[in-house]
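As a plain string of letters, each chain reads:
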Amino acid sequence: MTQKPITSQQAGSNSIELSLEQLIACQYWARESIPLPNKKSKAHLVGGHLSPYKGRGMEFSEVRQYQPGDDIRTIDWKVTARTGEVHTKIFQEERERPVFLLVDMQDSMFFGSKKRFKSTLACLQAARVFWTAHNSGNRVGALLSTADEHVELKPSNRRQNGLRLLQHMLELHNQRLQAIYQQEKPFTINSNALSDALSRLRHLVKGGSLIYIFSDFSNLSEACKQDLIHLAQHNDIHAVMITDPLEQSIPVAGEFLLTDGDSTIALNSARPGFKNRYQEMFHDKLVKTQKFFQEAQCSFVEYSTTQELSEFAINPYRNRSVSSKRA
């Protein structure tokens with residue numbers, strides 16, 4: 001049985017539906033490296049990131065006086081000769097860095113006005129992070145959250161388990177998408193869904209992990225902040241706010257009907273000052289969300305559905321400011 005070749009174009013294709021081929025093709029866009037810990041890793045498996053534990057490693061840490069049990073191969077003979085007392089070199093051990101993905105797939109994420117849905121983009125970028133971490137030998141786990149369920153996947157560095165993670169994400173996304181198509185289930189907003197997911201994440205994530213959260217953050221709460229503050233004490237958190245151009249600005253003046261599948265409202269963007277007020281509301285929300293994550297000691301970036309996949313920096317420390325790009 002021959003496998004159908006997968007191209008990099010498949011990862012960047014514009015579509016509101018997802019395929020496993022798309023998620024696998026995201027490995028072509030995973031050429032960055034998982035960043036070194038901002039808070040030093042406390043994981044217990046050997047890997048490529050610095051740990052707070054001292055021992056036999058590659059990264060020099062300090063020189064101290066020789067203690068019984070120290071390896072004589074690490075004696076610093078120059079310092080010993082200069083001080084007249086035996087000193088030994090201490091190295092920083094290298095540990096692996098677990099990566100955890102929290103992908104929000106509530107109904108508010110199933111929206112898009114141009115290239116793709118917010119939910120589609122969240123899954124594609126989560127797949128990019130997975131491949132980047134997997135290629136670096138790091139374990140990757142996930143918590144996939146919808147309005148009424150959570151799917152938990154324990155961290156693993158096995159390719160088979162990684163593909164299972166992508167398959168779960170694909171099925172969860174496309175099942176809800178089909179239900180929307182066929183109007184099988186009404187549009188649902190669970191104001192506690194993100195809070196419940198973060199609370200569950202506190203029990204799943206070990207200290208020293210790098211956590212990516214993909215969401216539109218439509219239902220942030222004080223409970224969310226408390227969970228984030230707790231998680232940020234021992235982990236690095238990168239919050240990625242997925243937005244759409246239609247949320248940022250109404251492109252033309254006119255009358256519009258908006259519906260959530262249950263209720264409908266009318267907007268007249270031709271009224272004086274309406275368009276400016278609409279833009280200001282989005283900007284205020286963006287600023288408040290950024291401040292929310294700053295107070296929770298998390299990295300934050302906004303990412304639009306119109307941007308290319310490669311424009312999202314997997315290293316959260318490359319861009320700490322609110323994106324200035326607007327469609």
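Before any of the text, the structure's been laid out above.
Reference entry: report on the structure contained in this document. (Residues numbered from 1 in each chain as written. Predicted model: local features only at pLDDT ≥ 70, side-chain atom pairs only at ≥ 80, totals over all residues. Heavy atoms only, no water.)

**A look at the overall build of the protein chain**
Alright, step 1. Check the secondary structure of the protein chain and you find nine helices and eleven strands.
Alright, step 2. Counting over 327 residues, the protein chain shows a buried share of 46%.
Alright, step 3. Intrachain contacts of the protein chain at a sequence separation of at least 6 include 73% that bridge at least 24 residues.
Alright, step 4. As displayed, the protein chain has an accessible area near 16800 Å², and 50% of this comes from carbon and sulfur atoms. (Helix = DSSP H or I, 4+ residues; strand = E, 2+ residues; numbered from the N terminus. Buried < 20%, exposed > 50% of the residue type's maximum accessible area, 1.4 Å probe, protein only. Contact = heavy atoms within 4.5 Å. Areas by Shrake-Rupley, 256 points an atom, 1.4 Å probe, with all protein chains shown as cover.)

**A short note on the packing of helix α6 (residues 193–204) against helix α7 (residues 222–232)**
Alright, step 1. At their nearest, the axes of α6 and α7 sit 9 Å apart, and the two run at 20° to each other. Classed by the angle they form, the pair α6 and α7 counts as roughly parallel. Handedness of the crossing formed by α6 with α7: left-handed. Listed contacts from α7 to Leu-194, Ser-195, Leu-198, Ser-199, Leu-201 and Arg-202 of α6 are Ala-223, Cys-224, Asp-227, Leu-228, His-230 and Leu-231.
Alright, step 2. The residue inventory of the contact of α6 with α7, partitioned by class, reads seven nonpolar, three polar and two charged. (Axes fitted to C-alpha atoms, helices over the stretch in contact; angles between N-to-C directions. Parallel < 35°, antiparallel > 145°, perpendicular 65-115°, else oblique. Left-handed = near helix turned anticlockwise from the far one by under 90°. Nonpolar A, V, L, I, M, F, W, Y, C, P; charged D, E, K, R; others polar.)

**Brief notes about the pairing of strand β5 (residues 140–145)**
Alright, step 1. Burial analysis of β5 places six of its six residues in the buried class, which makes it a mostly covered element.
Alright, step 2. Residues Val-140, Ala-142 and Leu-144 line one face of β5 and the alternating positions Gly-141, Leu-143 and Ser-145 line the opposite face, and both faces are buried.
Alright, step 3. Looking at chain direction, strand β4 (residues 99–104) and β5 are connected through six bridges and run parallel. Bridging across to β5, Asp-104 finds its partner in Ser-145.
Alright, step 4. With helix α4 (residues 118–135) bridging β4 and its parallel neighbour β5, the resulting β-α-β unit is right-handed.
Alright, step 5. Relative to strand β6 (residues 150–156), β5 runs antiparallel, the two being bridged by five bridges. For Leu-143, the partnering residue across the bridge sits in β6 and is Glu-152.
Alright, step 6. Where β5 folds back on β6, the antiparallel hairpin that results is connected by four residues. (Pairing = 2+ DSSP bridges. Right-handed = clockwise from strand over helix to strand, strands pointing away.)

**Here's the deal with the pattern of salt bridges**
Alright, step 1. Applying the stated criterion to the full structure yields eight salt bridges.
Alright, step 2. A salt bridge links Lys-118 to Glu-247; the shortest N-O distance between them is 2.7 Å. A residue pair is termed long-range when its members are at least 10 positions apart, and Lys-118 in helix α4 and Glu-247 in helix α8 (residues 245–248) qualify at 129 residues.
Alright, step 3. Here Asp-227 ties to Arg-202 by a salt bridge, and the two come within 2.9 Å at their closest N and O atoms. (Salt bridge = Lys/Arg side-chain N within 4 Å of Asp/Glu carboxyl O.)

**Here we look at the packing of aromatic side chains**
Alright, step 1. Taken as a whole and judged by the stated rule, the model has eight aromatic pairs.
Alright, step 2. An angle of 15° between the planes, with centres 5.7 Å apart, marks the rings of Phe-293 and Phe-300 as stacked. Here Phe-293 matches Phe-300 in class, with each residue buried.
Alright, step 3. Between the aromatic rings of Tyr-303 and Phe-312, the centroid separation amounts to 5.7 Å while the plane-to-plane angle is 75°, which identifies the pairing as edge-to-face.
Alright, step 4. Note on Phe-312: relative accessible area 2%, which makes it buried.
Alright, step 5. Following the ring pairs from residue to residue traces out a cluster consisting of Tyr-212, Phe-214, Tyr-303 and Phe-312. (Phe/Tyr/Trp six-rings, centres within 6.5 Å; stacked < 30°, edge-to-face > 60°.)

**So, the pairing of strand β7 (residues 210–215)**
Alright, step 1. Of all six residues in β7, six are buried; the element is thus mostly enclosed.
Alright, step 2. Neither face of β7 is left uncovered, since the one carrying Leu-210, Tyr-212 and Phe-214 and the one carrying Ile-211, Ile-213 and Ser-215 both have all their residues buried.
Alright, step 3. Here β7 pairs with strand β8 (residues 236–243) via six bridges, running parallel. By the bridge assignment, Phe-214 is partnered in β8 with Val-240.
Alright, step 4. Viewed along the sheet, the connection from β7 through α7 into β8 turns out right-handed.

**As for the nonpolar core**
Alright, step 1. Counting 43 residues, the largest nonpolar core has Leu-101, Val-103, Leu-144, Met-169 and Phe-214 as the members making the most contacts within it.
Alright, step 2. Within the second largest apolar cluster, 25 residues are counted, among which are Cys-224, Leu-228, Phe-293 and Phe-300. (Core = buried A, V, L, I, M, F, W, Y, C linked by side-chain atoms within 4.5 Å.)

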